Amino acid sequence: MQFVSALPQFSLTEISFEVWETGTLKVCQREEIRALLLTDRISTQDYRLINRLLYAVRRGWLGLAD
């Protein structure tokens with residue numbers, strides 16, 4: 001029996017760059033970030049990057065898109 005890892009196939013750095021470039025956080029990007037947070041294998045650096053994105057949304061620097 002072969003074990004298949006269900007880790008996300010995206011880069012958090014790429015998502016962050018796209019979000020800051022467009023100024024909005026899309027639904028698909030939020031779902032990818034949520035999937036990353038639900039895994040136990042998240043680095044401290046990734047966790048800080050996610051916190052920065054959420055802080056920017058709360059402050060109004062980034063918007064949420066549907």
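Refer to the structure above for everything that follows.
This part covers the overall build of the protein. Along the protein, the regular secondary structure elements total three helices and two strands. Helices (α) and strands (β) of the protein occur, in sequence order from the N terminus, as α-β-α-α-β. When each of the 66 residues of the protein is scored for burial, the buried share is 21%. Within the protein, contacts between residues at least 6 apart in sequence are counted, and of these 60% link residues at least 24 apart. Of the roughly 5,300 Å² of accessible surface on the protein, a fraction of 52% belongs to carbon and sulfur atoms.

As a further point, take the packing of helix α1 (residues 12–22) against helix α3 (residues 44–59). Close contact between α1 and α3 brings their axes to 11 Å; oriented N to C, the two are set at 20°. Between α1 and α3, the interaxial angle falls into the category roughly parallel. Read as a crossing pair, α1 and α3 show a hand that is left-handed. Facing α1, whose interface residues are Leu 12, Thr 13, Ser 16, Val 19 and Trp 20, α3 presents Asp 46, Leu 49, Ile 50, Leu 53 and Ala 56. A per-class count over the contact of α1 with α3 returns seven nonpolar, two polar and one charged.

Before going further, it helps to examine the side chain of Ser 16. Checked against the element boundaries, Ser 16 lands in helix α1. Every residue in contact with Ser 16, bar those within four places of it in the chain, is listed here: Leu 49 and Leu 53.

This part covers the environment of Gly 23. Counting through the fold element by element, Gly 23 comes out in the loop between α1 and β1 (24–25). Considering only alpha carbons, one finds Gly 23 and Ala 65, 42 residues apart in sequence, at a separation of 9.6 Å. Those residues in contact with Gly 23 that sit more than four places away from it in its chain are Leu 62 and Gly 63.

Before going further, it helps to examine the nonpolar core. Among the nonpolar cores identified, the biggest contains eleven residues, and these are Leu 12, Ile 15, Val 19, Leu 25, Ile 33, Leu 36, Leu 49, Ile 50, Leu 53, Ala 56 and Leu 62. Elements supplying a minimum of two residues to this core: α1, α2 (27–38) and α3. The biggest single contributor to this core is α3, with four residues.

The next point concerns α1. Where α1 is concerned, the buried positions are Leu 12, Ile 15, Ser 16 and Val 19. The buried residues of α1 occupy an angular sector of 100° when projected down its axis, which confines them to one face. Away from its buried face, by an angle of more than 90 degrees, α1 presents the exposed residues Thr 13, Glu 14, Phe 17 and Glu 21. If you follow the buried residues of α1, they end up packed against β1, α2 and α3.

Thresholds applied
- Within every chain, residues take consecutive numbers counted from 1 along the sequence as written.
- Reporting in this predicted model follows two pLDDT cut-offs: at least 70 for local features of residues, and 80 or more for side-chain atom pairs to be given and counted; totals over whole chains, interfaces and linings ignore these cut-offs and use all residues.
- Side-chain measures here rest on the full set of heavy atoms in the structure, leaving out hydrogens and waters.
- Starting at the N terminus, helices and strands are each numbered in turn, a helix being any DSSP run of H or I of at least four residues and a strand any DSSP run of E of at least two.
- Buried, partly exposed and exposed residues are distinguished by accessible area as a fraction of the type maximum, computed with a 1.4 Å probe on protein chains only: under 20%, between the cut-offs, and over 50%, respectively.
- Contacts are residue-level and defined by heavy atoms, with any inter-residue pair within 4.5 Å sufficient.
- Per-residue accessibility takes into account occlusion by the displayed protein chains alone, with areas from the Shrake-Rupley method and a 1.4 Å probe.
- Helix axes are fitted to C-alpha atoms over the stretch in contact, other axes to C-alpha atoms as well, and angles between N-to-C directions run from 0 to 180 degrees.
- By the definition adopted for this analysis, an angle is roughly parallel if under 35 degrees, roughly antiparallel if over 145, roughly perpendicular if from 65 to 115, and oblique otherwise.
- Rotating anticlockwise by less than a right angle from the far helix to the near helix defines a left-handed crossing, while the corresponding clockwise rotation defines a right-handed one.
- Residues are sorted three ways: Asp, Glu, Lys and Arg are charged, Ala, Val, Leu, Ile, Met, Phe, Trp, Tyr, Cys and Pro are nonpolar, and all the rest, Gly among them, are polar.
- Take the buried residues of types Ala, Val, Leu, Ile, Met, Phe, Trp, Tyr and Cys, join any two whose side-chain atoms come within 4.5 Å, and each joined set is a nonpolar core.
- What the arc measures is the spread of directions leading from the helix axis to the C-beta atoms.

Purely geometric numbers; function is a separate question.
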